[in-house]
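Examining the three-dimensional arrangement
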Amino acid sequence: MGEIEFRSLSEFPRGTLKNQLMDAYSFDPKWQNLFEGSWQEYDNFFYDNEKVLTTCGFATCLRGKAIGHISWDPRNAPGYVIIGHNCILTEYKGKGYGKMQLLKAVRRIIECIHPEKIIVTTNEKLIAKYNYESAGFKLVKREKNTDESAFSGDYLFYEMEVE
(Lines give C-alpha, C1' and ligand atoms only; values in the text may rest on other atoms or scores of the structure.)
Protein backbone atom coordinates (compact mmCIF):
# COMPACT_ATOMS: atom_id res chain seq x y z
CA MET A 1 0.00 0.00 0.00
CA GLY A 2 2.93 2.33 0.24
CA GLU A 3 3.74 5.17 2.59
CA ILE A 4 0.49 6.04 4.37
CA GLU A 5 0.31 8.87 6.89
CA PHE A 6 -2.61 10.30 8.84
CA ARG A 7 -2.23 14.07 9.09
CA SER A 8 -4.15 16.92 10.62
CA LEU A 9 -6.79 18.49 8.40
CA SER A 10 -5.28 21.85 9.37
CA GLU A 11 -2.32 21.07 7.10
CA PHE A 12 -4.55 21.35 4.03
CA PRO A 13 -6.27 24.40 2.55
CA ARG A 14 -9.91 25.33 2.91
CA GLY A 15 -11.88 23.55 0.21
CA THR A 16 -10.01 20.25 0.61
CA LEU A 17 -12.91 18.43 2.27
CA LYS A 18 -15.49 19.58 -0.27
CA ASN A 19 -13.20 18.87 -3.22
CA GLN A 20 -12.46 15.37 -1.99
CA LEU A 21 -16.18 14.65 -1.60
CA MET A 22 -16.85 16.00 -5.10
CA ASP A 23 -14.24 13.59 -6.46
CA ALA A 24 -15.36 10.62 -4.36
CA TYR A 25 -18.96 10.96 -5.55
CA SER A 26 -18.11 11.82 -9.16
CA PHE A 27 -19.41 8.41 -10.30
CA ASP A 28 -22.94 9.84 -10.31
CA PRO A 29 -23.69 13.56 -10.82
CA LYS A 30 -26.91 13.20 -8.81
CA TRP A 31 -24.79 13.16 -5.64
CA GLN A 32 -23.00 16.37 -6.49
CA ASN A 33 -26.20 18.11 -7.57
CA LEU A 34 -27.89 17.12 -4.33
CA PHE A 35 -25.09 17.59 -1.80
CA GLU A 36 -22.57 20.12 -3.13
CA GLY A 37 -24.08 22.86 -0.94
CA SER A 38 -23.96 20.77 2.23
CA TRP A 39 -20.40 19.65 1.42
CA GLN A 40 -19.43 23.33 1.20
CA GLU A 41 -21.10 23.99 4.58
CA TYR A 42 -19.24 21.00 6.06
CA ASP A 43 -15.92 22.30 4.72
CA ASN A 44 -16.66 25.82 6.02
CA PHE A 45 -17.68 24.50 9.45
CA PHE A 46 -14.39 22.63 9.87
CA TYR A 47 -12.20 25.47 8.62
CA ASP A 48 -14.11 28.08 10.63
CA ASN A 49 -13.62 26.08 13.87
CA GLU A 50 -9.95 25.36 14.54
CA LYS A 51 -10.63 22.96 17.42
CA VAL A 52 -12.96 20.89 15.23
CA LEU A 53 -10.45 21.00 12.36
CA THR A 54 -7.63 19.70 14.55
CA THR A 55 -9.47 17.14 16.73
CA CYS A 56 -12.46 15.73 14.83
CA GLY A 57 -10.87 14.11 11.81
CA PHE A 58 -7.75 13.65 9.76
CA ALA A 59 -6.49 13.35 6.20
CA THR A 60 -5.09 10.12 4.84
CA CYS A 61 -2.00 10.73 2.74
CA LEU A 62 -0.14 8.47 0.35
CA ARG A 63 3.42 9.57 -0.36
CA GLY A 64 2.45 13.07 0.86
CA LYS A 65 -0.74 13.44 -1.21
CA ALA A 66 -4.09 13.70 0.61
CA ILE A 67 -6.13 10.81 -0.84
CA GLY A 68 -9.02 11.01 1.60
CA HIS A 69 -10.31 12.12 4.96
CA ILE A 70 -12.56 11.02 7.78
CA SER A 71 -14.43 13.06 10.39
CA TRP A 72 -16.50 12.48 13.51
CA ASP A 73 -18.88 14.26 15.85
CA PRO A 74 -18.05 13.71 19.55
CA ARG A 75 -20.79 15.91 21.03
CA ASN A 76 -22.79 12.92 22.34
CA ALA A 77 -19.82 11.28 24.09
CA PRO A 78 -19.38 9.41 26.29
CA GLY A 79 -22.57 7.75 25.05
CA TYR A 80 -21.58 7.64 21.40
CA VAL A 81 -19.57 9.24 18.62
CA ILE A 82 -20.90 9.51 15.07
CA ILE A 83 -18.50 9.07 12.19
CA GLY A 84 -19.37 11.58 9.49
CA HIS A 85 -17.65 11.44 6.13
CA ASN A 86 -15.27 8.60 5.33
CA CYS A 87 -14.01 9.72 1.94
CA ILE A 88 -11.40 8.28 -0.43
CA LEU A 89 -10.62 9.83 -3.81
CA THR A 90 -11.92 7.82 -6.75
CA GLU A 91 -8.46 6.89 -8.04
CA TYR A 92 -7.62 5.20 -4.72
CA LYS A 93 -10.89 3.36 -4.03
CA GLY A 94 -10.89 -0.42 -3.82
CA LYS A 95 -7.31 -0.60 -2.55
CA GLY A 96 -7.97 -0.87 1.19
CA TYR A 97 -7.32 2.78 2.06
CA GLY A 98 -10.91 3.44 3.18
CA LYS A 99 -10.85 0.55 5.64
CA MET A 100 -7.39 1.56 6.87
CA GLN A 101 -8.64 5.12 7.39
CA LEU A 102 -11.78 3.90 9.18
CA LEU A 103 -9.85 1.58 11.52
CA LYS A 104 -7.38 4.36 12.39
CA ALA A 105 -10.31 6.68 13.18
CA VAL A 106 -11.96 4.03 15.36
CA ARG A 107 -8.71 3.55 17.31
CA ARG A 108 -8.26 7.30 17.73
CA ILE A 109 -11.88 7.79 18.85
CA ILE A 110 -11.60 4.96 21.39
CA GLU A 111 -8.24 6.19 22.75
CA CYS A 112 -9.15 9.89 22.96
CA ILE A 113 -12.90 9.99 23.59
CA HIS A 114 -13.76 6.62 25.20
CA PRO A 115 -17.35 6.35 23.89
CA GLU A 116 -19.70 3.48 24.67
CA LYS A 117 -20.32 3.02 20.95
CA ILE A 118 -19.43 4.41 17.54
CA ILE A 119 -22.17 4.97 14.97
CA VAL A 120 -21.97 5.27 11.18
CA THR A 121 -24.70 5.67 8.58
CA THR A 122 -24.67 5.05 4.87
CA ASN A 123 -26.98 4.35 1.99
CA GLU A 124 -27.80 0.85 0.78
CA LYS A 125 -26.37 1.21 -2.72
CA LEU A 126 -23.03 2.68 -1.62
CA ILE A 127 -20.12 0.31 -1.22
CA ALA A 128 -19.33 1.84 2.21
CA LYS A 129 -21.59 -0.70 3.93
CA TYR A 130 -19.08 -3.46 3.13
CA ASN A 131 -16.29 -1.34 4.56
CA TYR A 132 -18.18 -0.82 7.82
CA GLU A 133 -19.17 -4.48 8.13
CA SER A 134 -15.59 -5.66 7.51
CA ALA A 135 -14.36 -3.25 10.21
CA GLY A 136 -16.69 -4.79 12.82
CA PHE A 137 -19.74 -2.53 12.66
CA LYS A 138 -23.14 -4.24 12.98
CA LEU A 139 -26.25 -3.19 11.09
CA VAL A 140 -28.80 -2.12 13.71
CA LYS A 141 -31.46 -0.33 11.68
CA ARG A 142 -32.66 0.12 8.13
CA GLU A 143 -34.91 3.05 7.22
CA LYS A 144 -36.79 3.65 3.99
CA ASN A 145 -35.30 6.53 2.02
CA THR A 146 -38.13 8.58 0.55
CA ASP A 147 -36.33 11.89 0.00
CA GLU A 148 -34.51 13.16 -3.08
CA SER A 149 -31.60 10.77 -2.44
CA ALA A 150 -33.87 7.69 -2.71
CA PHE A 151 -31.85 6.63 -5.79
CA SER A 152 -29.10 5.60 -3.35
CA GLY A 153 -31.24 3.09 -1.47
CA ASP A 154 -32.43 2.81 2.10
CA TYR A 155 -30.58 4.43 5.00
CA LEU A 156 -28.44 1.95 6.93
CA PHE A 157 -27.41 2.53 10.55
CA TYR A 158 -24.39 0.69 11.91
CA GLU A 159 -22.95 0.54 15.43
CA MET A 160 -19.80 -0.72 17.08
CA GLU A 161 -19.93 -1.35 20.81
CA VAL A 162 -16.75 -0.23 22.58
CA GLU A 163 -15.54 -2.30 25.51
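Our subject in this report is the structure included herewith. Because the structure is predicted, anything quoted here is derived from the model rather than measured.

**Looking at helix α2 (residues 29–48)**
Taking 1.5 Å per residue, 20 residues should reach 28 Å; α2 reaches 28 Å between its end C-alpha atoms and fits that length. Where α2 bends most, the angle comes to about 60 degrees, and this point is Phe35. Among the residues of α2, those classed as buried are Trp31, Gln32, Trp39, Tyr42, Asp43, Phe46 and Tyr47. Contacts made by the buried residues of α2 are with α1 (16–24), α3 (50–55), β3 (65–73), β4 (80–88) and β5 (117–123). Structurally, the start of α2 carries an N-cap: the backbone nitrogen of Lys30 is 3.0 Å from a side-chain oxygen of Asp28.

**Observations concerning the state of the cysteines**
Scanning the model with the defined rule gives zero disulfides in all. Note on Cys56: no disulfide assigned, nearest cysteine sulfur contributed by Cys112 at a separation of 10 Å. Residue Cys56 is classed as buried on the basis of its relative accessible area of 8%. Cys61 supplies the cysteine sulfur nearest to Cys87, a cysteine that is in no disulfide, at a spacing of 12 Å.

**Overview of the layout of surface pockets**
In this structure, the largest pocket encloses a volume near 1300 Å³. For the lining of the largest pocket, the secondary structure elements donating two or more residues are α1, α2, β3, β4, α4 (97–113), β5, α5 (128–134) and β7 (155–161). Its residues assigned to classes, the lining of the largest pocket comprises 26 nonpolar, 14 polar and five charged.

The rules behind the values
Residues numbered from 1 in each chain as written. Predicted model: local features only at pLDDT ≥ 70, side-chain atom pairs only at ≥ 80, totals over all residues. Heavy atoms only, no water. Helix = DSSP H or I, 4+ residues; strand = E, 2+ residues; numbered from the N terminus. Expected span 1.5 Å × (residues − 1). Bend = angle between axes of the 7 residues up to and from the residue. Buried < 20%, exposed > 50% of the residue type's maximum accessible area, 1.4 Å probe, protein only. Contact = heavy atoms within 4.5 Å. Polar contact = N/O pair within 3.5 Å; in protein donor to acceptor, adjacent residues only side chain to side chain. Disulfide = S-S within 2.5 Å. 1 Å grid on protein atoms, 1.4 Å probe; cavity = no way out; pocket = protein on both sides within 12 Å on 5 of 7 lines; lining within 4 Å. Points joined across faces, edges and corners; volume = space filled by probe spheres on them. Nonpolar A, V, L, I, M, F, W, Y, C, P; charged D, E, K, R; others polar.

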